[in-house]
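# Notes for the structure review
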Amino acid sequence: MGRFYLTTAIYYPNAVPHLGTAYEIIGTDAIARWRRLRGDDVFFLSGNDDHAQKVAQRAAEQGKEPAAYCDEMAAAFEEAWKALGVGYDEYVRTASERHRDTVRWFFARVRERDRGRAEPLLYKGAYEGLYCVGCENYLREKDLADGRCPNHPSRTVERLKEENWFFRLSAFEGWLREWYGREPGWLRPAAKRNEMLGILGEGLQDISISRPRKAIPWGIPFPGDEEAQVVYVWFDALINYVTGARIAEDGAARPDEPGRGPGFWPADLHVVGKDIVRFHALLWPAMLRAADLPLPRGVFVHGFVNTGGEKMSKSEGGAVSPVDIARLHGPEALRYFLLREVSWGADGEFSLERLGERYASDLANTLGNLLHRTLTMIEKYFGGAVPEPSDNDYGPEGDTIHSVGALRLLLLARREQAMRAYDALDFAAALEAVTDLARQANQRIDSTAPWKLMKEPTGEGRKVVGDLLHGIADALKNAAVLLSPVLPGKAREMALQLGLDGEAFDALRLSWPAEGQKDVEHLDEDRYARAFAEVDALAVAGLATRKGSPLFPRE
Ligand SMILES: [Zn+2]
C-alpha cells in the first residue's frame, strides 16, 4: 500500500462552478477513488484561489469585502462538489492564515538560498507591459489579437508600468530542459511535453511576481516588502499544493496531521486544465527548485468540455451549471457521461441531448436493465437466492449454450481491460469495458432464452439457467466494483440489490503490486486475475437478492 497525494487546480471564485471545473474535479475524484480501491492511502486536495483581481472586482460589484465574498463562494463551491459526489479530503483556501503562513515559509526558503548569490532569484525591477485580468497573467504584444486577449475578448488588457519583484525564471531554463529529457513521462499527455520543450526552445524570461499594494490591496503581503507589495496571484496559488501537504519548518508533517508521517510532499499527481499547463510545467518546478523542495511526481493535463464548439468559460458568460444538469438524470449520470464521452486528456463535446442518449443506452437499457431482469429471474425461478453453479461442462466453442460457460472468460478479459485503462487514466475505455460486459450478458440472456429452458421437463434447462444467472450475478458484482470510482452511489446500490453486505462491499480492495515492484510484476500475466482475489472470494452463490426500484429509471 502506497501513499498517493493528488490535487486539482484551485478555482477562482468569481462565479459559481461551471461544467469545465466540474469535469476536472469529477475526473480527479474518480482517480482518487480508483487509487483507494487499489489500496493506496489517498490524500485528495482541491480548493479555491481567492487572491485574484477578478475576484476582488466581483466582490466590489456586489458591494462586499473580498474576504467575506470568498467565504460565501467557498461554501457555494463545496456545496456544488458535494452535490456531484466529489469526496476530496481537504478544500484549501488561499485566503486562509495557514496558506499565508506557508507562503511566508516558502519565500524564506528561497531567500535563504539567495544569500550571497551574485544574481539573486528574487530581485526588484521595473515592469512595463500588459496584464489580462481574465487570465490573471502578463501578456506580450504578440499574444494579443486586435489589441485584446484572445481568451478574453470582452476585457480590456491593462497596461502596467510599476515597480515589482521578479523571479529569475530564466536561470532555470537549462535545468528544465534537462528535467524534461530525463523524465519523459512526467507531463502527460506527451503532446504537452513537446509544447513545453518548444517554449523552452524560445527561451524563458524572468517574471514579475508582485503587484503594488496600492493598486491591488487584495492579496498576500509580499514577504520582506509587506507594506508596498502583494504576491502575484499565481505565485501564491501554486504554493497551495504545499499548504495542502502541511509541510512544517523542518519539512516534516505538521503536528495537526495525525496518522500522516513526514515527507507528505511531493504530490503524486497534479491534474490541471490545458490553459494553465505553463504555470504547472515551467514556473512551478522552477519555484520548487528555488525553494529546494522536491518536484511533484507527475502532472496530467485534461482538455476542455465544449458546448456547441465553444469553451465553457464562466468569465465569457457561457456558463452551464453542472448542479442543474445533474438534476436531470442524477449526478452520477453526469459523472458517467463526462468521463465516458470526454476523453481524459483531450477536448470533448457536451450536449443535453447526448447526455440523454448515453443515459438511455448505457445506464438505463444496459446496466440497469441487466440488473433488473437478472434479479427478476432469480426471484421467479430460484426463490430470490442466487443459484449455486452446477458441474455442467459447456462444451467447445460453437456449442449453442457455450456462451453460458464462456461468460467467466469474458468477465476476466473485460475486467483486465478496465483495470489497465483506469491505471492509464483512460476512463472512457474503462467504462466501455464494463458496459460491454453488461451488453454481452444481456445478449446471452436473449440468446439462451431462460423462459423456454425453464419449461424443459428433464431439469437440465433449469441447470443451464442457474449457471447463466449465477454467472451474470458474478459479472454484476465485478461491474459494481469497477464502476465504483465513477458511480460510487449506484455501484453500492447494485451490490446491495445483489444481496451483498454494504460494508463488505465498501471494504473490497484490489491487491496490486506496489509502485517499486512494477517492473517485475509487469512480466506476470496473472497479476490482473490475482488482483481480484478479494472480489472473487466474496461469493454471490446463495445470496438473498433484494431487488429494488430500477437503478437508472427509464424516462
Ligand atoms: Zn486573458
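Note: the structure precedes this text.
Rules used throughout
Residues numbered from 1 in each chain as written. Predicted model: local features only at pLDDT ≥ 70, side-chain atom pairs only at ≥ 80, totals over all residues. Heavy atoms only, no water. Helix = DSSP H or I, 4+ residues; strand = E, 2+ residues; numbered from the N terminus. Rg over C-alpha atoms; globule rule 2.2 N^0.38 Å. Buried < 20%, exposed > 50% of the residue type's maximum accessible area, 1.4 Å probe, protein only. Contact = heavy atoms within 4.5 Å. Areas by Shrake-Rupley, 256 points an atom, 1.4 Å probe, with all protein chains shown as cover. Lys, Arg positive; Asp, Glu negative; His and termini not counted. Charge placed at Lys NZ, Arg CZ, Asp CG, Glu CD. Donors = N, O, S within 2.8 Å, 3.2 Å for Na, K, Ca; no water. Tetrahedral: all angles 85-135°; square planar, octahedral: opposite > 155°, others 65-115°. Axes fitted to C-alpha atoms, helices over the stretch in contact; angles between N-to-C directions. Parallel < 35°, antiparallel > 145°, perpendicular 65-115°, else oblique. Nonpolar A, V, L, I, M, F, W, Y, C, P; charged D, E, K, R; others polar. Phe/Tyr/Trp six-rings, centres within 6.5 Å; stacked < 30°, edge-to-face > 60°. Lys NZ or Arg CZ within 6 Å of the ring centre and 35° of its normal. Pairing = 2+ DSSP bridges. Salt bridge = Lys/Arg side-chain N within 4 Å of Asp/Glu carboxyl O.

Right, let's talk about the overall build of the chain for a bit. From N to C terminus, the chain includes 21 helices and 15 strands. Here the C-alpha atoms of the chain give a radius of gyration of 27 Å, agreeing with the 24 Å that 2.2 N^0.38 yields for 555 residues. Residues classed as buried in the chain amount to 57% of the 555 residues present. Sequence separation of at least 24 residues holds for 77% of the intrachain contacts in the chain that already meet a minimum separation of 6. As displayed, the chain has an accessible area near 23200 Å², and 50% of this comes from carbon and sulfur atoms. Averaging the positions of the 70 positive and the 83 negative side-chain charges in the chain gives two centres separated by 1 Å.

Coordination sphere of the zinc ion, protein contribution only: Cys-132 (SG), Cys-135 (SG), Cys-149 (SG) and His-152 (ND1), at 2.1 to 2.3 Å. Around the zinc ion sit 4 donor atoms, and with donor-metal-donor angles ranging over 103 to 119 degrees the site reads as tetrahedral. Linear spacing of the donor residues for the zinc ion on their chain is C-x2-C-x13-C-x2-H. A residue pair is termed long-range when its members are at least 10 positions apart, and Cys-132 in strand 4 (residues 122–132) and Cys-149 in the loop between strand 5 (137–139) and strand 6 (158–167) qualify at 17 residues. Of the two residues examined, Cys-132 and Cys-149, each falls in the buried class.

Two elements in contact, helix 4 (residues 97–114) and helix 9 (residues 277–290), have axes separated by 8 Å at closest approach and are oriented at 65 degrees. The angle between helix 4 and helix 9 falls in the class roughly perpendicular. For the pair helix 4 and helix 9, the contacting residues are Phe-106, Arg-109, Val-110 and Arg-113 in the first and Trp-284, Met-287, Leu-288 and Ala-290 in the second. For the contact of helix 4 with helix 9, the class distribution of residues is 6 nonpolar, no polar and 2 charged.

Moving on to the packing of aromatic side chains. What the rule picks out here adds up to 32 aromatic pairs. With centroids separated by 5.0 Å and ring planes inclined at 75 degrees, the aromatic side chains of Tyr-131 and Tyr-138 adopt a geometry described as edge-to-face. Taken as a pair, Tyr-131 and Tyr-138 share a single burial class, namely buried. Here the aromatic rings of Tyr-359 and Phe-552 are separated by 6.1 Å at their centres, their planes lie at 80 degrees, and the arrangement is edge-to-face. With Tyr-359 in helix 12 (residues 352–382) and Phe-552 in the segment after helix 21 (533–537), the pair connects residues that are 193 residues apart, well separated along the chain. For the pair formed by Tyr-359 and Phe-552, the shared burial category is buried. Just above the ring of Phe-552 sits the side chain of Lys-490; from NZ or CZ to the centre is 5.2 Å.

A few words now on the pairing of strand 6. Sheet analysis places strand 4 next to strand 6, joined by 10 bridges and oriented antiparallel. Following the sheet pairing, Lys-124 is matched in strand 6 by Trp-165. Relative to strand 8 (residues 207–208), strand 6 is paired through 2 bridges, and the arrangement is antiparallel. By the bridge assignment, Phe-166 is partnered in strand 8 with Ser-208.

Any two side chains of opposite charge can pair, so long as their charged atoms come close to each other. In the structure shown here, the tally under the stated rule is 41 salt bridges. Of the charged contacts, one joins Asp-423 and Arg-38 as a salt bridge, the two residues approaching to 2.5 Å between their closest N and O atoms. Of the two residues, Asp-423 sits in helix 13 (residues 402–423) while Arg-38 sits in the loop between helix 1 (19–37) and strand 2 (41–48), which places them 385 residues apart along the sequence. Judged by relative accessible area, Arg-38 falls into the buried class, the value being 7%. Note that Asp-474 and Lys-477 form a salt bridge whose closest N and O atoms lie 3.1 Å from each other. Separated by 3 residues within a single helix, Asp-474 and Lys-477 lie in helix 16 (residues 460–483), roughly one turn from each other.

Treat this as a map of the structure, not an account of what it does.
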